[in-house]
Amino acid sequence: MRVKCVICDEIGLLVDDTPLAKKLRNHPINTYMCETCNERITEQTNLRLASGKFIFYRSSHSAEENF
Ligand SMILES: [Zn+2]
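Quick caveat: nothing in here was measured; it's all calculated off a predicted structure. (Residues numbered from 1 in each chain as written. Predicted model: local features only at pLDDT ≥ 70, side-chain atom pairs only at ≥ 80, totals over all residues. Heavy atoms only, no water.)

Novice: Residue-level account of the coordination of the zinc ion, with values.
Specialist: Bound to the zinc ion on the protein side are Cys5 (SG), Cys8 (SG), Cys34 (SG) and Cys37 (SG), at distances that span 2.3 Å. Here the donor residues for the zinc ion map to a single chain with the spacing C-x2-C-x25-C-x2-C. One end of the pair, Cys8, is in the loop between strand S1 (2-4) and strand S2 (11-13); the other, Cys37, is in helix H2 (residues 35-66), with 29 residues separating them in the sequence. When its relative accessible area of 1% is taken as the criterion, Cys37 is described as buried. (Donors = N, O, S within 2.8 Å, 3.2 Å for Na, K, Ca; no water. Helix = DSSP H or I, 4+ residues; strand = E, 2+ residues; numbered from the N terminus. Buried < 20%, exposed > 50% of the residue type's maximum accessible area, 1.4 Å probe, protein only.)

Written out as structure tokens, the structure is:
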């Protein structure tokens, strides 16, 4: 089946009997991402998680200091 990347509109091909293809067919509002975008998103998510932890650590640390 043909799928379109939601981010860069690149058309990709999925083998019909893969779990991902079945999922996309059952849920037409799909979130298919090509490999390039998938990697980019994963990277950004990891960065956000890492910076989130950092901010949380910093803020709780300074609150401790003020107390
Ligand atoms: Zn893409």
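There is more to say after this.
Novice: An account of unusual backbone geometry is needed here, citing residue identities and associated values.
Specialist: The phi dihedral of Asp9 falls on the positive side, at around 65°, and the residue is not glycine. Turning to its location among the elements, Asp9 is positioned in the loop between S1 and S2.

Novice: So what's going on with the environment of Thr31? Which residues, and what values?
Specialist: Of note, Thr31 is situated in the loop between helix H1 (19-26) and H2. Along the backbone, Thr31 and Val6 are 25 residues apart, and their C-alpha atoms lie at a distance of 6.2 Å. Other than its neighbours up to four places away in sequence, Thr31 contacts Val6 and Leu24. (Contact = heavy atoms within 4.5 Å.)

Novice: Got a sec to walk through the environment of Leu24? Specific residues and values, please.
Specialist: Mapped onto the elements, Leu24 comes out in helix H1. Note on Leu24: relative accessible area 6%, which makes it buried. Separated by 21 residues in sequence, Leu24 and Val3 place their C-alpha atoms 8.6 Å apart.

Novice: Give me a nonpolar patch on the surface: which residues, what numbers.
Specialist: A grouping of Val6, Ile7 and Ile41 is seen on the molecular surface, where their side chains present a nonpolar patch of about 220 Å² in accessible area. Positionally, Ile41 belongs in helix H2. Since its relative accessible area comes to 31%, Ile41 is described here as partly exposed. (Patch = residues over 30% accessible without salt bridge, like charges linked within 9 Å, V, L, I, M, F, W, Y side chains within 5 Å. Areas by Shrake-Rupley, 256 points an atom, 1.4 Å probe, with all protein chains shown as cover. Salt bridge = Lys/Arg side-chain N within 4 Å of Asp/Glu carboxyl O.)

Novice: How would you summarise the environment of Ile11 if you had to cite specific residues and measurements?
Specialist: Positionally, Ile11 belongs in strand S2. Remark: the alpha-carbon pair of Ile11 and Met33, spanning 22 residues in sequence, is separated by 9.7 Å. For Ile11, the contacting residues outside a window of four places in its chain are Arg2, Val3 and Lys4.

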